[in-house]
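# Examination of the molecular architecture
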Amino acid sequence: MMHMSPIFLPLREQHDRLRGGSLSAVQLADAAIDHHASRGALDHAYLTWNGEAASEMARATDSVLASGGDTGPLMGVPVSIKDIYAVPGLPTYAGSARRLPRHWEEPGPMISALLRQLPSVMGKTHSVEFAFGGLGTNAHWGAPRNPWDRVHHRTPGGSSAGAGVSLVNGTAGLALGTDTAGSVRVPAAMTGVAGLKTTVGRWSTAQIVPLSATLDTPGLLARSVDDLVFAFDALDGSLATRSSRVPARPSLADLTFGIPEAYFWEDCSPGIAESVQAAIRQLEAAGARIVSLDLPRTDEVFTLFQQGGLAAVELAAFLKTQLPEAIDGLDPNVAARVKAADDIPGWEYVRRCDVLKSLTASAADCLTRVDALLTPTVTLTPPTLESLEPEGAYPKANMQALRNTVVGNFMGLCGLTLPVGKDDAGMPVGLQVLAGPWQDARLLAIGQAIEAELGNSLAILGVPPARDIGVKQSWHPVTLQHERSAGMTELNDTTIDAFRAQLTRGECEDLAWWHACQARIEAFEADVQAWEYLKPLTSTAILPYPGQLLRGVPVGIKDIIDTADMPTTWGTGGYLVSPGAVVDAAVVTLLKRQGAMLLGKTVSTEFAYFTPGKTRNPQDLSRTPGGSSSGSAAAVAAGMVPLALGTQTAGSIIRPASYCGVFGFKPTVNTVSFSGIKAFAPSMDTLGWFARHIEDICTTFTALTRSDVIKVLPDLGGIRVGLRNLPGDGPLDLDVEQALSSTARRLEQAGAKVFALPLDSRYDALVMHHQVVLAYEAAQTLASEFQQHGEEMGARLVELIEQGLATSYADYRVSLLAAEQCKQALSRVFADEVDVILAASAPGVAPAGLHATGDPVYCRAWTLLGVPCLNLPLSKGQDGLPVGVQLIADRWQDEQLLSIARTLINALGMQ
C-alpha cells in the first residue's frame, strides 16, 4: 500500500535510518518518483517536476552519508517547494502564465538554509497566481486535485495549492509554502496535513515572490506536527535572529485552551464544527483546561479583509514596478482585486497599517490568558470547481475559506493546523491553534501534545481513496470542454491559425502554447503514457525564417523519426537506442523552418509494427490507442500537444486516430519526404499527422508542402461520394455501420451525392497483396536489426520478417504489379465516377486491453494504393467511445480531399 512506502515514515525515523544505513536517499527519492508516476498526473500538484535531478542529488547525498558526512537533519528528505520561492535551476512562475526573470531563480535565505542540508528537491508545486487566493485555483495552469475525493475535482486550498497534495500523494515528505492570509493553513486543513504559519519577520521572505511585504510569512507543511517540529528545529537556527528549539512536549493537564464563542464558528459546512468540537471535548477529557475566550475586534479584522487588507495594494505596487508585463494577463480572480487597489488612496493604506499594529497589540494581550486559542481552521468544505463557476461564487467561497485564518495574519500571531476528522462530505477538517507572536516553538510543542492525544493524519483520516484508472474520460474532440481543472485551457484547444493571429497581435508569447502543453502533460501523462522523451525548454528555439505558419506550435515526433537533439528508441523498449541522430529527419527540419517547437518523442510500437508500446487510450485507459503511431494519437487526443507526426505502412495513422477520436491524415505516399525516418516497407511508408482540428491538418499540409491554403467551399453541391470498404466482405460493428450512415447523411445534407461504389474483386485481393509486400520489404529493411536483436524482438515482428525472408521476388513482384494495376484503374474511377470515397477506418471502437493494437484491415488496401486518407472523428459508439470513418481521394488529390473535409466540418459547425 502507498502509506507503507518509506517516504511516509516520520521524518525523525527517516533521519535515523539514513544514518544507520537501513534507508538511502535514493530509496526515498525513488519512492516519490514512483508515487508521482502512479497518481501525480491526476493530482496535478507540481508545476515543475524535478524527479530526475532529485534522483541524481539523492545519489550524491548517499555518497556523503557513506563517507560519514552529515549536512543537516533534512539531508536526503524529499521536499516540495511552492512555486513562488526562487530555487536554483528551477523556473519560477509564481502561478503566472510567464516565467519570471532569471533573478527569481537565485535563492534567498530560506532556500539557502534548506539546500545546505542536501534534501532531495522533488519539484515546485502549484500556487495561486502571485499567491493571491485561498482556494487553490489557477486559470493558467489548472488546480491541483484534492486527493480525498476521487469523484469530484475539489479545490486543495491555496495559495500553496500543490503543497498539501504533494504530501498526501507521497511525492514529498516536507513541503514549503507561504502564508499571508492563511495560505499554508488552508491547504493543510483541506488536504488533511499539518501546517505551520510562522510569526511575521521570524524567517526572511527575501527571494520569495511577494504578495504582501507586510504580511507574508514562510511556512511548512508536513504529515504530522512532529514532522513540523523536526523541520522547524532543522531550519530555525539558520533563519531566526531569535531562534529557539521546540521545548519538550507539555502535558495536556498543564495547558489552558481558549475557545471563542463568536466569529470562528459562523457558516460552518456540515460536519466541520462537530469534528472540531469533538476534538476539543477529547482534549478536555484528557486533562486540558478549556475556557471561553473571544479575541477582540475579529469583526474589524474581517471587514478590513473584505476591503482588501494590505495585500491588494502591495501586490499592485510590486507588479507595476517589477512585473508590469504580467498585469494584462492576470487570472481574472486575481486581476479584479489588483485593479481594485487603484481606488485605495495613500492615506487609507497608512490607516490600514495602523489598524493592523493596533490589532496585533490587542491580540497579544488577550492571548496572555491562555496557552493557545483553538478554532476550526476552515469553515468551508473544499468546493468543487464546478461550484465556483457561477458569477460571484468564487469571491464568496474564497472569503469564507480565509475568514478564520486571516485573523492570525492581521493580528500578528503564529498559527498551526492539524487534522481532527472529516466533515459530512468526507473531506478533512482542521483544528487551528493560535498563539502570540514569537511563540512558534512553544506552539509546536503544544501541537505535539494535541497530536499525541488525537492522533496524526494517518490515524485520523486513513489514506485517500485510490484513483480509478479504468474510469472512462470524456475527452472527445467534438465535445471537448475546457478542463481548466486538469490543466486544459483555451490555448490547449485553439487552432494553429488562431494562435498565429494572437502572436501577430502581441496577445501572447512564442512559448505560451508550449507551457500550456507542459501543464496538460503533467496532468495526464502518468496515466496516458504517450511520451517516450520530453524535450527540456532550455534546448528549444525557433529558427528565424519569414512567413512561418507554425511559429510557436508544439509538435510531437513519433519515435522512429531522427532528431539530432533527442534520443530515438524505435519502440524497442530499450534494446536499441540512439542518443541522437547526426542530422534531423527532413520533416523535422521543415517543421523547424516553419517555426514549430518540438515538444518530444511520442511512443511508437516496435519498429512501427504490432508489438504494443506503453501508451493507453485517453478515452478509456483500459483500451488500446491503436498502433503504431499510438503515442502521437493519444497525446493529441489528451490535449497534450496540438499536432503530432505519425507514419502509416498499414493503418498506423487512420486506426489510432479513429480509436482516440482525433483527425489523422495520411497524404499521398511520398508527399512529404521520408528521409531520416526508419523505413519499414518503403513502397508504402507514408508520413502523416494528427490534430484535434481539421484546420490544423490543413495548415500543416500547406506548411510542409507549400501548397495553397485549403479552402472551404460554399457547399458540397456536385461532390460525388462513393461508399466502399476494402475488403468489402469484412465484418463491421454496429457502431461503425451507424457512423458511416451518419456521415453519409451529413454529406448529403451539405449537398454531396452519396452512393454505393461497386469495385471488382481484384480490389479485395489488395489486402493479401499488402501483406506480401509488407513482409518482403520489412525483411529487407530490418535485416541488420533482425540479425543482431532477433531474440529480443516481439513475436509478431519476428514472424513477419521470417515470412518476408521466405517470400520470393516473383511473389513480391506479382503483388506490386497487382497494386499498380489497381492504382491505374482506381484513378479512372475517380476521374469518371467519384471525387472521394467514404469507408470505415477500423472494424469497431478501440478494443479492450493493452496487449494488442487492433486490426488495420480497412486501411491496408488504401495504403498499398498510396492514396490520401483522412480519419473524421464525427461519431461515438454506444458506450461513448470514438468511432472514425475515413475519406479517401485519388493520388495527388490531397488538396481536394482536405477541402471537402474542411467544408463538411464547417457545415457541421464543428470549427
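This write-up is about the structure you can find in this document. What you are looking at is a predicted structure, and each value in this text was computed from that prediction instead of being measured.

### Examining the sheet that holds strand β12 (residues 531-534)
Strands sit in the order β12-β14-β13-β15-β17-β16-β21-β22-β20-β18-β19 across an open sheet of eleven strands; the sheet is mixed. The sheet is open, and its two borders are formed by β12 and β19 (753-756), each paired with just one other strand. Taken pair by pair, the neighbouring strands of this sheet meet at an average axis angle of 30 degrees, ignoring direction. Of the strands in this sheet, β13 (554-558), β14 (597-602), β15 (643-648) and β17 (686-691) touch helix α19 (residues 586-593), which is tilted by about 180 degrees from β13.

### Comments concerning the side chain of N409
Along the polypeptide, N409 turns up in helix α14 (residues 406-410). Residue classification places N409 among the buried residues on the basis of a relative accessible area of 6%. Within the structure, N409 has its side chain in polar contact with the side chain of D179 (distance 3.1 Å). Among all residues touching N409, those that are not within four sequence positions of it are D179, T180, A181, G182, R185, K197 and L215.

### Concerning the environment of T180
Tracing the backbone shows T180 in the loop between β4 (174-179) and α6 (185-191). C-alpha of T180 to C-alpha of A311: the two residues are 131 residues apart in sequence and 8.1 Å apart in space. Apart from residues lying up to four places away in sequence, T180 is in contact with L211, S212, L215, D216 and N409. Separated by 2.5 Å, the side chains of T180 and D216 make a polar contact.

### A look at the environment of A393
Its location among the elements puts A393 in helix α13 (residues 393-402). Along the sequence, A393 and D371 sit 22 residues apart, while their C-alpha atoms lie 37 Å from each other. Those residues in contact with A393, other than ones at most four positions away along the chain, are S387 and L388.

### Structural notes on the state of the cysteines
Linking two cysteines covalently via their sulfur atoms produces the bond known as a disulfide. Tallied over the full model, the rule gives zero disulfides. C414 carries a free sulfur, and the closest cysteine sulfur to it, the one in C366, is 14 Å from it. Here C414 falls in the buried class, since its relative accessible area comes to 0%. Cysteine C517 remains unbridged, with the sulfur of C508 as its closest cysteine sulfur at 12 Å.

About the thresholds
- Position numbers for residues start from 1 in each chain and track the written sequence from start to end.
- In keeping with the predicted nature of the model, local features appear solely for residues at pLDDT of at least 70, side-chain atom pairs appear and are counted solely at 80 or more, and the whole-chain, interface and lining totals rest on all residues.
- To obtain the side-chain values, all non-hydrogen atoms of the structure were used and water was disregarded.
- Any two strands with at least two DSSP bridges between them are considered paired.
- A run of H or I in DSSP becomes a helix once it reaches four residues, and a run of E becomes a strand once it reaches two; helices and strands are each numbered from the N terminus.
- Interaxial angles span 0 to 180 degrees and are taken between N-to-C directions of axes, which are lines fitted to C-alpha atoms, for helices over the stretch in contact.
- Any two residues having at least one pair of non-hydrogen atoms within 4.5 Å are treated as being in contact.
- Burial classes follow relative accessibility: with a 1.4 Å probe on protein chains only, a residue under 20% of its type's maximum area counts as buried, one over 50% as exposed, and anything between as partly exposed.
- Between N or O atoms, a polar contact is any pair within 3.5 Å; within protein, one atom must be a potential hydrogen donor and the other a potential acceptor, and residues adjacent in sequence are included only when both atoms are from side chains.
- The disulfide criterion used throughout: a pair of cysteine sulfur atoms within 2.5 Å.

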